[in-house]
Amino acid sequence: MTMSSKPGLTRRSVLGSVGAGVGAFGLAGASVVEASLLPEPERMESFDVVVVGSGMAGCAAALQASESGARVVLLEKLDENRMGGNSLLAGGSYSVPLGTSQAARDDYVADYVSYCLGRGNETIFRLMAEHIHGDLDWLGSRGVELLAAEERPPNRVATVQTAPAAFAGMPRAFRTLKGVLSEAGVALMFETKARQLIMDESGAVVGVRALGADGVADYLGRAVVIATGGYAANSQILEGYSDPNAGAMMVRGVKSATGDGHVMAQAAGAGLKGMGGLMALHVAAVDGIETAAGQPARVVPYAISINQDGRRFVDESRGYVAHGKAVLEQPGQATSLIFDQALRESVAEGVIGTFERLGRPFHQANTLEDLAELVGAPVDEFVRTVENFNAAVEDGAAPGANPPKAKLANRIETPPFYAFSPLVPGVTLTFGAVMIDADARVLEPDGRVVPGLYAAGEGAGPVFFHDYIGGGALTNCLVMGRIAGRNASA
Ligand SMILES: Cc1cc2nc3c(=O)[nH]c(=O)nc-3n(C[C@H](O)[C@H](O)[C@H](O)COP(=O)(O)OP(=O)(O)OC[C@H]3O[C@@H](n4cnc5c(N)ncnc54)[C@H](O)[C@@H]3O)c2cc1C
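For every chain, the first residue of the written sequence is number 1, and numbering continues from 1 along that sequence. The predicted nature of this model means local features are confined to residues of pLDDT at least 70 and side-chain atom pairs, given and counted, to a pLDDT of 80 or more, with totals for whole chains, interfaces and linings taken over all residues. As a convention, hydrogens and water are excluded, and side-chain values are obtained from all of the structure's heavy atoms.

*Asks:* Even after reading the chapter, I still don't get the overall build of the protein, so can you show me in this structure?
*Replies:* Helix numbers and strand numbers start at the N terminus; a helix is a DSSP run of H or I with at least 4 residues, a strand a run of E with at least 2. Broken down by element type, the protein carries 13 helices and 24 strands. C-alpha atoms of the protein, sized along the principal axes, occupy 75 × 50 × 40 Å. Counting the 490 residues in the protein, one finds 58% classified as buried. Only heavy atoms enter the contact rule, under which two residues are in contact if any of them lie within 4.5 Å. Pairs at least 24 apart in sequence give 72% of the contacts found in the protein among residues at least 6 apart. A total accessible area of about 18900 Å² is found for the protein, and carbon and sulfur atoms account for 49% of it. Positive charge is attributed to Lys and Arg, negative charge to Asp and Glu, and no charge count is given to His or to the chain ends. Charge placement uses NZ in Lys and CZ in Arg. For Asp and Glu, CG and CD serve respectively. Taking the 39 positively charged and 53 negatively charged side chains of the protein as two groups, their mean positions are separated by 5 Å. Using a 1.4 Å probe on the protein chains alone, a residue whose accessible area is under 20% of its type maximum counts as buried, one over 50% counts as exposed, and one in between counts as partly exposed. All accessibility values rest on the Shrake-Rupley procedure with a 1.4 Å probe; residue burial counts only the protein chains present in the view.

*Asks:* Quick question: what am I supposed to make of the pairing of strand S6 (residues 93-97) here?
*Replies:* In regular strands, side chains alternate between the two faces of the sheet. Within S6, four of the five residues are buried, which leaves the element mostly enclosed by the surrounding structure. Two strands pair when backbone bridges link them, and S6 and strand S8 (residues 157-161) are joined in this way by five bridges, in the antiparallel orientation. Paired with proline 97 across the strands is valine 157, a residue of S8. Any two strands are treated as partners once DSSP identifies two or more bridges connecting them.

*Asks:* Please clarify how the layout of surface pockets should be interpreted in this entry.
*Replies:* In this approach the atoms are scanned with a rolling probe the size of a water molecule, which exposes any empty space left behind. Cavity means a closed set of points on a 1 Å grid over the protein atoms alone, one where a 1.4 Å probe fits but cannot get out, pocket means an open set with protein on both sides within 12 Å along at least 5 of 7 lines, and lining means a residue has an atom within 4 Å of a point. Grid points are joined across faces, edges and corners, and a volume is the space filled by probe spheres set on the points. Here the second largest pocket defines a volume of roughly 230 Å³. If you go around the second largest pocket, you meet 14 residues; those closest to its centre are Arg119, Gly120, Lys273, Gly274 and Pro462. Polarity classes work like this: nonpolar for Ala, Val, Leu, Ile, Met, Phe, Trp, Tyr, Cys and Pro, charged for Asp, Glu, Lys and Arg, and polar for all others, with Gly in that last group. Classifying every residue of the lining of the second largest pocket gives eight nonpolar, four polar and two charged.

*Asks:* Please explain the site of the ligand as it appears in this structure.
*Replies:* With respect to spatial proximity, 40 residues lie near the ligand, and among them Glu76, Ser87, Asp260, Glu458 and Leu474 are the closest. Here an oxygen atom of the ligand sits 2.9 Å away from a polar atom, N or O, in the side chain of serine 256. Polar contacts, as counted here, are pairs of nitrogen or oxygen atoms within 3.5 Å of one another; within protein the pair requires one atom able to donate a hydrogen and one able to accept it, and residues that are adjacent in sequence qualify only if both atoms are side-chain atoms. A distance of 3.2 Å separates an oxygen atom of the ligand from a polar atom in the backbone of glycine 471. Listing elements by their share of the shell around the ligand, those giving two or more residues are helix H2 (56-67), helix H3 (85-89), strand S10 (193-199), strand S20 (417-430) and helix H13 (472-488). Of the residues in the shell around the ligand, the class split is 15 nonpolar, 19 polar and six charged. Nearness here has a simple test: a residue counts as near a molecule or strand if at least one of its heavy atoms is within 4 Å of that partner.

Here's what the structure looks like:
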């Protein structure tokens, strides 16, 4: 690392500053943005590659760049105990093809394309399919413990879980990664918030101006990798792009996912894509307190969901994301997921165990009337809804129910009866992203490359649309993070 108090490089800061508020995304006049530019700092440090964000994408990029011979600094706005951002509190599953043959990769890609309604990023799905087995071996060889792959029908993907278990693996993984990065010589700068990208006269990105405990500093490099994650915690972006009411949703992840990379990259000329509407969000109906692990995704397709008026409102077999988005439209933005003893035994036991471990309540009653009372729904309407649904079940579907259920329809008839309630919508991750190509180079809206600027992870792509097959987000972070790190160091 080189420290200097005299800029050796002619440069200028780009317009637009994270934290400037109204300047973001051109929502207000440029003069407001210009006024918020940080001053020229006294302190500057030179590296080869500057990585912003310490989640899975940032760690993969930084470690790969360092192993490729670059001098690397990694900037993270949180303190070191929270290194990892959303990746730290993720379930920790990676999706992989069901083998290394071309046919297995093609199936994996086809399932992602179909899950994302044909609007996902096939180029990146192919890179994920091609590299993830090798990239997980790479991660494992650096000390991150992983469990054996488990198939996840009906999709033709398997998931590899970070050891020791769901939601318990990532904290251990990040402790390991922190040690590995330090040993590799990567400078880790915590509580250091990137605020502006720095460009030279040729229009290339040559560094980041950041605000840390010691004030403003410039971190210069031949290349910058943006790995700042999504914008689930930025109500301005959610309300402006996704839905006027989206800012009221629970944030399942960290509050630092505020789209800073989107703002900085756009100010440097980058295009944003896939930002519009609820299709840009992954929403799940979750417990209002334990918003991360307190979510009964596994139970949703088999159970029935009843709103505060005592009515069903969605085909639950479409899965937990379609369910989560439908809850947004319900009275009080809340629902109760109802099932019986037979479903408890076949699909819900594990989720009940998680709720018990978290100390979160679920309701149990011997009659439907009592369950309705417990969840606060009008008793007559609630019971009528369940009875009508039961009467409509035939051959595992309920085509005559209101609304119809296409598959996985089970009569709710064996006491005791249960409810996870209330469940409220929470944003898991966001899909709108800084545009990148297959080399993780950031693109302008017209497809030109922004020289020196790379991006990877949740905030780069865009990769997914409407939904993703579980494990795909971390797979994208690891694969595209390594590609960004390799190319940034070249
Ligand atoms: C509860 C939950 C469970 C999940 N489980 C899974 C799962 O099992 N499998 C899966 O595939 N996906 C899962 N996801 C999604 C997945 O965790 C994320 O998509 C992924 O971790 C994003 O990684 P990232 O590296 O892009 O960003 P992050 O991990 O969010 O890291 C970005 C980092 O950048 C930092 N940062 C932001 N702005 C700045 C700035 N201006 N300056 C410096 N630093 C900055 C942030 O503080 C953060 O630490 C889950 C999400 C949630 C919320």
